[in-house]
Structure formats: structure tokens, C-alpha cells
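What follows is the residue order along each chain.
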Amino acid sequence: MVVLSVFAFLVFGVMLVLVGVHQAAIARDLALGLGETGMLAGALAFGAGFGITVAGPLYDRVSRGWLFAASAALVAASLSSVHGEMTYLTAAARIAVAGVGAGAYNTVVNASISERYGAAAARPLTGVHASATLGAMAGPLVIAALGSNLHWTTSFRAVGLAHLLVAALAVALRGRYPAPHARALAERKPLSASYLPWLAIAFAYVALEASVTTFAVPFAARDLLLSPSRGQVAISTFWLGVLTSRLALMALRHTKESNRGALVVVAGVVGAGMIAATAGGVLPVELSFGLFGASIGFVYPLTMVLIGSRFPESRGTATGLAGGAGAVGAVIVPWITGMLGDARGVGFAVASLASWCALIAVGGLWIARPAPAATGAS
């Protein structure tokens, strides 16, 4: 189960950076501004938000193996159909549909590992998310190395074919994902505001990932007057920082929940400082993006572990809602950031991302509070 999850998240990581890495070529071929580019990246997050949220209740009701396979097959079908004659709307539609599938299997992976390993889930789940980071880090380097020999549609199709393999493996291993117990279905509690701190953190974190990945190339080229390839390398160093952060988290698997909440606070504060340094050009863009990734990279997998342990009776729904909130952030914030970039310059837009780091810190303060005596939503 974990091995398949690692492979699925590896290709998912490549999928996350496709729009950002090919930003210049896509904008040229589809005649897009920064705001429209942000919306194109947001199409993936919009679809993922829908898939993540819908898959949460489904996880609590149906066979997880078949849900995983169907989700990966949907990604394969949509990305494999990408071609050079698409319009902006048809490209956005394909990316959004791929997001639905990717979001659904994200929920399956997050909830399954959390359920299987319980309190010890931080280490395997962080390892799985680290594989997504590895894919997001390696993807831009491979694409940049191939350069003009690789049309941007080829990358999308390759990721689609990789998901076809994921779907086939999920079918073969479907017995490893048993259906939920009837007792767990009967004991689920209704939704409430208790989820909100985790949802806020997920919203802000995924928004930051999407925005940094989408606008690294125009920030390097337009604001710093560097070559686009340096922006592509900055995307890779950002994800290298995220990977380093997540590997470090794996060594802290025995920390208390309140201490993990404090780590989220630190991540938000340090991340805001790094965004300020990045926007100000204090450090080389590759280094500043890498340090930013290192400061916040562990936040998302840790949030998934914490919300799963706080709401065990509705684990699928809780993790699905958190993932959905993250996807909403990845839709809204890149669009806002792109509009700010068109109006005030890319440097100003990048600086605005510090506000979402602050939201992470506020959410961390809340979850660092002791858990209530009765576990679950109220």
C-alpha cells in the first residue's frame, strides 16, 4: 500500500509543477496574462478540491482500492488527451478533470495511511508526501534539461500515462484497501466548526505551494531580469527545501500534538520572513525559494496527521475537507497573486504571500491548544 502511494505521489508531484514550468510556452501559445496563468494553475486545484472533498465521504463508505484506481484512471484519461490545438478553456477543463482524480486519490492515501498506522502515521505519511516533493523537484530539472526538444503538451501526456500505470497497480492491489467497518459508519459525527483551524492551515499552505510554483518563472524573468531557466531551477530548489523539511519531520514522529502545533506556528513566522527576503531580492532566487520551502514544507503532511488523529471517527471526511480547503486556496490565491502581479509587478505579488504564512501561524496557535476530553467534532 505504501509503495503504491509513494509512486502515485511521485507522479503527482510532477503534475503539480507542469503549468509553472511551462508557463512561458503555455502563455505564448494560449495568449495568457499572469492572471489567466494563475487561473489555469487554479483549474488543477479547483478540480483537486472537488475530488478531495467528495472522496472523503466515499472513503468512509466504499472500497478504497477501487476508488484509488478509478481516480488515477481519470487523471490518465484527461492528461493523455492534451494537444497543441486546445483553447484556453479546453486546456483548463482537462487540467481540472485531472485535478478531480488526483484529489480523490490524495484523500485515499492520506486517510488510509492515517488509519493503518494511527499515532505512528506521521513517519510513513510524511515519506509519501516527500515523494511528491521529489517529483516536483525533479520535474523542472528534467524539463529544463530537455529544453526546446520537449513540447509542453508532451509533459502532460507523459504524466497521464504514468497515472494509467498507477490505476493498473491499484486494481491489482485493491485487496489491501478494505471497505470501512459498519461500526465506523454508525459512529460518524456531524460536521462542525471544530475542523476550521486545520482547514485554514491547509488552505494557506497549498495556496503558497501553488503560487510559488506558478510565478517563480515570471518573478525571475520580469522582476529580477534573469533567464526563465533560473526560475525553473528556483521551482526545483523550492521543492528540494520542502523535501528536506519533510524528511526532518520524519525524525520528530514522537513529539506531542501540542508541540507539533507549535512547529506549525514557527513555520508560518519563518516563512513570512523568507517571503520578505525573496521579494526583496536579498538572496539569489534559487536559494531564497529553497529556504522558503524548507521553512514550511512539513506543514501539510503534519496537518493531515493531526486532523486524522483528532477526528478518528470521521477520518476520511476530515482529511477530505482539509485537502479540499487546500485546493480552494490553490484556486483563489494564485488568481489573486496573478492579478496583483499584472497590476503592481511580480515582486509585489510575491511579497503578498507573506499574509498566507501568517494565517498558517494563527492556525498553529489554535491546534497547539490541548485536545478536548471527548475526541471528535461537536
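Residues numbered from 1 in each chain as written. Predicted model: local features only at pLDDT ≥ 70, side-chain atom pairs only at ≥ 80, totals over all residues. Heavy atoms only, no water.

Brief notes about the overall build of the chain
The secondary structure content of the chain amounts to 16 helices and zero strands. Counting the 378 residues in the chain, one finds 57% classified as buried. The contacts in the chain between residues at least 6 apart in sequence include a share of 86% that link residues at least 24 apart. Accessible surface computed for the chain: about 14300 Å², of which carbon and sulfur atoms make up 70%. (Helix = DSSP H or I, 4+ residues; strand = E, 2+ residues; numbered from the N terminus. Buried < 20%, exposed > 50% of the residue type's maximum accessible area, 1.4 Å probe, protein only. Contact = heavy atoms within 4.5 Å. Areas by Shrake-Rupley, 256 points an atom, 1.4 Å probe, with all protein chains shown as cover.)

What about the pattern of salt bridges?
Side chains that differ in charge, positive against negative, can pair when their charged atoms come close. Tallied over the entire structure, the rule returns three salt bridges. Across the pair Arg 28 and Asp 29 runs a salt bridge, and its minimum N-O distance is 3.1 Å. On the basis of relative accessible area, Arg 28 is assigned to the exposed category, the value being 58%. For Glu 209, the salt bridge identified is with Arg 246, shortest N-O distance 3.4 Å. (Salt bridge = Lys/Arg side-chain N within 4 Å of Asp/Glu carboxyl O.)

Brief notes about the confidence of the model for the chain
This prediction gives the chain a mean pLDDT of 82; 89% of its residues lie at or above 70. Averaged over each element, pLDDT in the chain is lowest for helix α8 (residues 182-187) (48) and highest for helix α12 (residues 285-296) (93). (pLDDT = per-residue confidence, 0-100.)

Focus: the packing of aromatic side chains
Considering all chains together, one arrives at ten aromatic pairs under this definition. Here Phe 238 and Trp 239 contribute two aromatic rings whose centre-to-centre distance is 5.2 Å and whose plane-to-plane angle is 80 degrees, an arrangement assigned as edge-to-face. The class for Phe 238 is buried, based on a relative accessible area of 0%. On the accessibility criterion, Trp 239 (2% relative accessible area) is buried. Each ring, one from Phe 238 and one from Phe 292, has its centre 6.0 Å from the other, and the planes form 25 degrees; the classification is stacked. With a gap of 54 residues between them, Phe 238 in helix α10 (residues 228-250) and Phe 292 in helix α12 connect regions that are remote in the sequence. For Phe 292, a relative accessible area of 2% corresponds to the buried category. Three or more aromatic residues joined by ring pairs make a cluster, and in this case those are Phe 9, Phe 12, Phe 68 and Tyr 105. When the ring centre of Phe 348 is taken as origin, the NZ or CZ atom of Arg 344, which lies over that ring, is 4.2 Å away. (Phe/Tyr/Trp six-rings, centres within 6.5 Å; stacked < 30°, edge-to-face > 60°. Lys NZ or Arg CZ within 6 Å of the ring centre and 35° of its normal.)

Quick word on a nonpolar patch on the surface
Where nonpolar side chains cluster on the molecular surface, the patch consists of Met 39, Val 328, Ile 332, Trp 335, Ile 336 and Met 339 and spans about 480 Å² of accessible area. Ranked by residues supplied to the nonpolar patch, first place goes to helix α14 (residues 315-344) with five residues. Mapped onto the elements of the fold, Val 328 is located in helix α14. Given the relative accessible area of 39%, Val 328 is considered partly exposed. (Patch = residues over 30% accessible without salt bridge, like charges linked within 9 Å, V, L, I, M, F, W, Y side chains within 5 Å.)

Quick notes on the nonpolar core
With 112 residues, the main nonpolar core has Met 15, Phe 68, Tyr 105, Phe 156 and Phe 292 as its most contacted residues. Top element by residues in this core is helix α9 (residues 196-223). It accounts for 16 residues. Apart from the residues lying within four places of it in its own chain, the contact partners of Phe 156 are Leu 18, Val 19, His 22, Ile 26, Leu 79, Val 82 and Ile 95. (Core = buried A, V, L, I, M, F, W, Y, C linked by side-chain atoms within 4.5 Å.)

Structural notes on the packing of helix α3 (residues 34-59) against α14
Contact geometry for α3 and α14: axes closest at 7 Å, N-to-C directions at 170 degrees. Compared by their axis directions, α3 and α14 come out roughly antiparallel. Grouping the amino acids of the contact of α3 with α14 by side-chain chemistry returns 15 nonpolar, 14 polar and one charged. (Axes fitted to C-alpha atoms, helices over the stretch in contact; angles between N-to-C directions. Parallel < 35°, antiparallel > 145°, perpendicular 65-115°, else oblique. Nonpolar A, V, L, I, M, F, W, Y, C, P; charged D, E, K, R; others polar.)

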